Every structure is written in structure tokens, then in C-alpha cells.
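A structural walkthrough
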Amino acid sequence: MKPAPFNYFAPASLEEALALKAQHGEEAKALAGGQSLIPAMNFRVAQPAILVDLNRIASLRDIRKNGALTIGAMTTQSTAEKNPLVAEHVPLLHEALPNIAHPQIRNRGTIGGSVAHADPAAELPVVCLALRTRMQAQSQSGERWIEAQEFFSGLFSTALAADELLTAVEFPLVEERTGYAFLEVARRHGDYAMAGLAAVLSLDENGLCRQARLVYLNVGDGPLEATQAAASLQGQKPSAKAFQDAGKIASQEDMQPFGNLHASPQYQQHLSAVLTQRALQLALNRITQKATHP
Amino acid sequence: MSQTHSIQVRINGTPYAHEVEPRLLLADYIRQVVGLSGTHIGCEHGVCGACTILLDGQAVRSCIMLAVQADGHELTTVEGLAQDEKSLHPIQEAFWEAHGLQCGFCTPGILMTLVPYLEENPNPTETEVRDAISGNLCRCTGYQHIVDAALLAAEKLQSKP
Ligand SMILES: Cc1cc2nc3c(=O)[nH]c(=O)nc-3n(C[C@H](O)[C@H](O)[C@H](O)COP(=O)(O)OP(=O)(O)OC[C@H]3O[C@@H](n4cnc5c(N)ncnc54)[C@H](O)[C@@H]3O)c2cc1C
Ligand code: FES
Ligand code: FES
């Protein structure tokens, strides 16, 4: 048996799960898909004293549309990937999901687990930051909503308190005159990417760039937003040159990647620059496609 | 010490009930407690795919799931594919005919990946098959024969009444 001993609870309601968290705090780890936690326990990198398995809590699995799309934390990545509401209303998420690992892992891995894990190489935190999603956190004393910008607080760390569980993620619906794109480069499809980004590009009535958001994976200690590159696009006419410049600024000024086993910092910068240009062009094409084929 | 939990599962249609420690991995439960050793263990951290089984019809890694979590669920392992002792499942037949295995260590995981995949995508292209098995590592075959076998399996399944 690989993992160190622990006590296991599988509450059927959120109230019971929150009571366990209130009682045991950090000692009690939530078990969602287990696709990151159990490998870590098999290596004994993680040795939680108590596991609170959330898989029996049906209320954490729903997907609701109500001015935004609210996805329950325990929704599996493959359920979200196949959900028509996600495809229609949060196309960036729909595009990013198949990049997470392999289908066998997405069948167990959850939306909430990936977000709460806050791996700098993961796709979902990047998407959440680019879309300015909000996270619903609950504890015995009530619920609060945390903006993505505050939620991700560094390497594998989030703003969740010891007695809180992440219960849902709220994604804003597609906006008008806005295009989205998710691109990454991995050595093999399903592996963690060497670099990648989520791009959101909005135009104003005159076709000028109203706003851009560029958020990168695996080049910092969390989802990394390139604010200078985004600012360089503001008010500009979208063009290949403007996109190329944005890629240069993002890769040279907004990030100082550490590199990893498969990519040097210079190579990550190169990939980021090229992918930025492509993602912005793709986002732009998608806005114009929508305009001609409503 | 952690307490044990009683679990009830159905594996390949047969019901089982056991007392298990929570830290028992599902793969070890299937192999050591139930005694079905067709499910293989390579890496024990979700990467190689050798331990892939079906949980309520969906392919999952049994090395990164706890046996307690399978309580009340329906599992299918490679032993559950053939209808009886004398026959093979069409996907197994295809692996036999197209030489889809050498040592056979990765084979159960690949079969269990392909069963639900070919149900959803009965007519895949070669590229799609390569993508579908990208979460299963084989150290022997160079994949070419596995891909051939998967395409042959798709044909066999389609021509079945
Ligand atoms: C071979 C392999 C390849 C992978 N490749 C990728 C990849 O390319 N990209 C990627 O993004 N991921 C990848 N993953 C990880 C996978 O996506 C996981 O599903 C994900 O990181 C964690 O989600 P989970 O639901 O499995 O969470 P778990 O593993 O159950 O939990 C992860 C952490 O989050 C905490 N947690 C979970 N849910 C909650 C909650 N509701 N409230 C509070 N805390 C919570 C847990 O306590 C734990 O600390 C890979 C995994 C494997 C095994
Ligand atoms: S043994 Fe489970 S994926 Fe390798
Ligand atoms: S046949 Fe030997 S590992 Fe695949």
C-alpha cells in the first residue's frame, strides 16, 4: 500500500463536509478527482491525516446558467468538455479542457480540483484568470465569492481558508465583439505544456482593440498575466504587426520564466511570443467570423 | 490507525464485498484482494495507463483511485471483455490478428481505453486512434501494430450485427 494511513470520510452532504473541515482544518484534505492528490500520496509527498471525499455530494456537480455559467466544483473535466452550455457560452473553457491530460484522467479530474490545486502548469487557472471568473467558497460560517485575481496566490496556493471548500466556479458568458483562443505546446498531447496561453480580445464599435487579456501557463509560479503586452494593444487597430509586438512584450517584459525539464527559459519565451501572435489572430478571426455568420 | 470500511462492488458482473483500509488503491484491490491480475500496474501515478479499467462504463486509472471510492460502483476489467472462456472480444481478436502486442504488459490498459472509445467513435482515422491511445505507454511495439489493431477492431465492431 503506497499512501500513508489516513482516516476517510465520504459525506453525502455539503453541510457534513464543511463540518469536517471546521473541525479538522488543514489536517483534512478534500478529495475531488484525486488525479493530483492520489499520485502525490502514492509518492508520499502528501500525507494528509484525513480525507474528505466530495464525490457523494451531488449538489456540487450541477451546471447552471443564470446570467453567468456556474459550474459546480465536482463537475468532472470530461462532463464539462461535453456540455453544450459550456461550448456555447464559455468557448475558451471548452477549447482548453481537451488539453488537460488524457480522457481517462479527465473522467475523474474535476473543475474545482484543478482550480483549487493551482498548479502553474495547469490550463484551468489560466482560463479562469483570463475570463475573470469568480470562485464560490463555503465554510460553516457562510459563503463568499473570490475574484480569480485574488484567488490564485502563488505556487500551488489559493485564497481558500483552512475551513473552506471551493464549491463552484462562475464563468462570465461570451461577450459581444470578443474573440477567445487557447493555445499550448506540449511534447505529446496530454502532457503538461512547455508553454501556452489563453487570449481574450475585445473590439469597440470602430473595430479598434478595446481590451486584451493574455494569461500564460507554466512560465511563473501561477497563471501569469501579461499586462504590459495587453496595454500595448489598447486602442490599436488589430494587425499582424500589433500582435507580433504584443508577443514580444509579453515574452520579454511581462515574464521571467524559470524553464523546466523540457524547455529552457529562452525557449519558453520564444514559444510564448509565437503563441501570443497566433492566439490573438485566432481570436480576431473568430470575432469577424461571428460578425459575418451570426 | 485508519479504520477499515466495508465496500460492495460488481466486477465484470460478479458482486464482491470486502473490508478495506482506505489507503488501499483500487488497482491493488482488484489484483491482490479480488485476484484479477489482468489489470497491470506500471507507474502508480496515472501516467502509463497499464491499470486502466472501466468504472460505470468510463475508462479510468485504477492506480490513482481508492478502493473505498469504488463502493457501490460497477467495474469492468480486461477479464470481463470476452463473453466466455472460449471466445475473445472483437477488440481482442483484432489485437491477436494484427499483432497488436509483444510482451502484452500495456495491452489490458489499451483494450480498456479502446472499448469506450470505439463505442463513441466507431469509425476513427489513424490520427484519431493515435490520439486516443496517447495516454497508454507501450515499451515494445512502436505503436504501429497497436494502431493497426485498433483500426481493425473498429471494422470488426462495425460489421457485427
Ligand atoms: C498523468 C496525468 C497528467 C495530467 N496532466 C494534466 C495537464 O496537462 N493539465 C492539468 O491541468 N492537469 C493535469 N493533470 C492533473 C488533473 O487535471 C487533475 O484532475 C487536477 O489537477 C486536480 O483535479 P482533481 O479533481 O483530480 O483534484 P484532487 O487531486 O482530488 O485535488 C487536488 C487538490 O485540490 C484540493 N481540492 C480539490 N477539490 C477541492 C475543493 N472543492 N475545495 C477545496 N480544495 C479542493 C485537494 O485537497 C488537493 O489538494 C494530470 C494528472 C495526471 C495523473
Ligand atoms: S499504473 Fe496506473 S497509470 Fe501507470
Ligand atoms: S506490448 Fe510490451 S509494453 Fe506494450
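For the structure, check the block above.
Let me begin by describing the structure that accompanies this report. Since the structure is predicted, the reported quantities are computational estimates derived from the model, not experimental observations.

The next point concerns the overall build of chain B. A count of helical and extended segments in chain B gives five helices and five strands. For a compact globule of 161 residues, the expected C-alpha radius of gyration is about 15 Å, and chain B comes in at 16 Å, within 12% of that figure. Principal-axis analysis of the C-alpha atoms places the extent of chain B at approximately 50 × 35 × 25 Å. When burial is assessed residue by residue, chain B has 52% of its 161 residues classed as buried. Taking all contacts inside chain B whose residues are at least 6 apart in sequence as the whole, residues at least 24 apart take part in 55%. As displayed, chain B has an accessible area near 7500 Å², and 48% of this comes from carbon and sulfur atoms. Put simply, chain B has 9 plus and 19 minus side-chain charges, and the middle of one group is 4 Å from the middle of the other.

The next thing to look at is the pairing of strand β10 (residues 195-203) of chain A. All names here are of chain A. Within β10, nine of the nine residues are buried, leaving the element largely enclosed by the surrounding structure. Of the two faces of β10, both are covered, the one formed by Ala-195, Leu-197, Ala-199, Leu-201 and Leu-203 as well as the one formed by Gly-196, Ala-198, Val-200 and Ser-202. Here eight bridges tie strand β9 (residues 178-185) to β10, and the two strands are oriented antiparallel to one another. Pairing of Ala-181 across the sheet is with Ala-199, part of β10. Of the pairings in the sheet, the one linking β10 to strand β11 (residues 209-217) comprises eight bridges and is antiparallel in character. Within the sheet, the bridge partner assigned to Gly-196 lies in β11 and is Leu-217.

Residue and element names in this part refer to chain A. Here we have four strands laid out as an open sheet, ordered β9-β10-β11-β12, and antiparallel in their pairing. The open sheet has two free edges, formed respectively by β9 and β12 (224-225), since each of these has just one partner strand. Across the sheet, helix α8 (residues 123-131) lies against β9, β10, β11 and β12, angled at about 160° from β11, the strand it touches most.

This part covers the interface of chain B and chain A. Contacts between the two partners involve 32 residues from chain B, matched on the other side by 30 residues from chain A. In total, chain B and chain A occlude about 2600 Å² of area from one another, counting both sides; carbon and sulfur atoms represent 55% of this. Interface area lost by chain B to chain A is led by B:Arg23, B:Ile64 and B:Gln69, which between them contribute 26%. Applying the counting criterion to the chain B and chain A interface returns three salt bridges. Residue A:Lys82 is joined to B:Glu120 by a salt bridge in which the shortest nitrogen-to-oxygen separation is 4.0 Å.

Let us look at the packing of aromatic side chains. Residue and element names in this part refer to chain A. Counted under the stated rule, the structure contains one aromatic pair over all chains. Aromatic side chains Phe-151 and Phe-152 sit 5.2 Å apart centroid to centroid with 85° between the ring planes, which places their arrangement in the edge-to-face category. Here Phe-151 matches Phe-152 in class, with each residue buried. For Arg-134, the ring lying beneath its charged end belongs to Trp-145, and the centroid distance is 4.5 Å.

We now examine the packing of helix α2 (residues 90-97) of chain B against helix α5 (residues 144-159) of chain B. Residues and elements named next belong to chain B. Interhelical geometry of α2 versus α5 gives an angle of 135° and a closest axis separation of 8 Å. Viewed along their axes, α2 and α5 adopt a mutual orientation that is oblique. As α2 runs across α5, the sense of the crossing is right-handed. Contact with α2, carried on its side by Pro-90, Ile-91, Glu-93, Ala-94, Phe-95 and Glu-97, involves Ile-146, Ala-149, Ala-150, Leu-152, Ala-153, Lys-156 and Leu-157 of α5 and no other residues of that element. Tallied by class, the residues present in the contact of α2 with α5 amount to 10 nonpolar, no polar and three charged.

Here the focus is the environment of A:Ala46. Residues and elements named next belong to chain A. Its place among the elements puts Ala-46 in the loop between α2 (37-42) and β3 (50-53). Along the sequence, Ala-46 and Ala-4 sit 42 residues apart, while their C-alpha atoms lie 8.7 Å from each other. Among all residues touching Ala-46, those that are not within four sequence positions of it are Leu-37, Ala-40 and Met-41.

Bringing the nonpolar core into the picture now. Within the largest apolar cluster, 40 residues are counted, with the highest numbers of intra-cluster contacts made by A:Leu92, A:Leu93, A:Val115, A:Met135 and A:Phe171. For this core, the leading source of residues is α8(A), giving seven residues. Ranked by size, the runner-up nonpolar core spans 32 residues in total, among them B:Ile30, B:Ile64, B:Val68 and B:Leu75.

This paragraph deals with the site of ligand 1. Lining the immediate surroundings of ligand 1 are 33 residues, of which A:Ala30, A:Gly34, A:Ser36, A:Thr110 and A:Glu123 lie closest. Bordering ligand 1 are residues originating from chains A and B. One of the backbone N or O atoms of A:Ala32 is found 2.8 Å from an oxygen atom in ligand 1. Measuring from an oxygen atom of ligand 1, one finds a backbone N or O atom of A:Ser114 at 3.3 Å.

Cut-offs and rules
Residues numbered from 1 in each chain as written. Chains lettered and ligands numbered in written order. Predicted model: local features only at pLDDT ≥ 70, side-chain atom pairs only at ≥ 80, totals over all residues. Heavy atoms only, no water. Helix = DSSP H or I, 4+ residues; strand = E, 2+ residues; numbered from the N terminus. Rg over C-alpha atoms; globule rule 2.2 N^0.38 Å. Buried < 20%, exposed > 50% of the residue type's maximum accessible area, 1.4 Å probe, protein only. Contact = heavy atoms within 4.5 Å. Areas by Shrake-Rupley, 256 points an atom, 1.4 Å probe, with all protein chains shown as cover. Lys, Arg positive; Asp, Glu negative; His and termini not counted. Charge placed at Lys NZ, Arg CZ, Asp CG, Glu CD. Pairing = 2+ DSSP bridges. Axes fitted to C-alpha atoms, helices over the stretch in contact; angles between N-to-C directions. Buried area = accessible area lost by both parts, 1.4 Å probe. Salt bridge = Lys/Arg side-chain N within 4 Å of Asp/Glu carboxyl O. Phe/Tyr/Trp six-rings, centres within 6.5 Å; stacked < 30°, edge-to-face > 60°. Lys NZ or Arg CZ within 6 Å of the ring centre and 35° of its normal. Parallel < 35°, antiparallel > 145°, perpendicular 65-115°, else oblique. Left-handed = near helix turned anticlockwise from the far one by under 90°. Nonpolar A, V, L, I, M, F, W, Y, C, P; charged D, E, K, R; others polar. Core = buried A, V, L, I, M, F, W, Y, C linked by side-chain atoms within 4.5 Å. Near = heavy atom within 4 Å. Polar contact = N/O pair within 3.5 Å; in protein donor to acceptor, adjacent residues only side chain to side chain.

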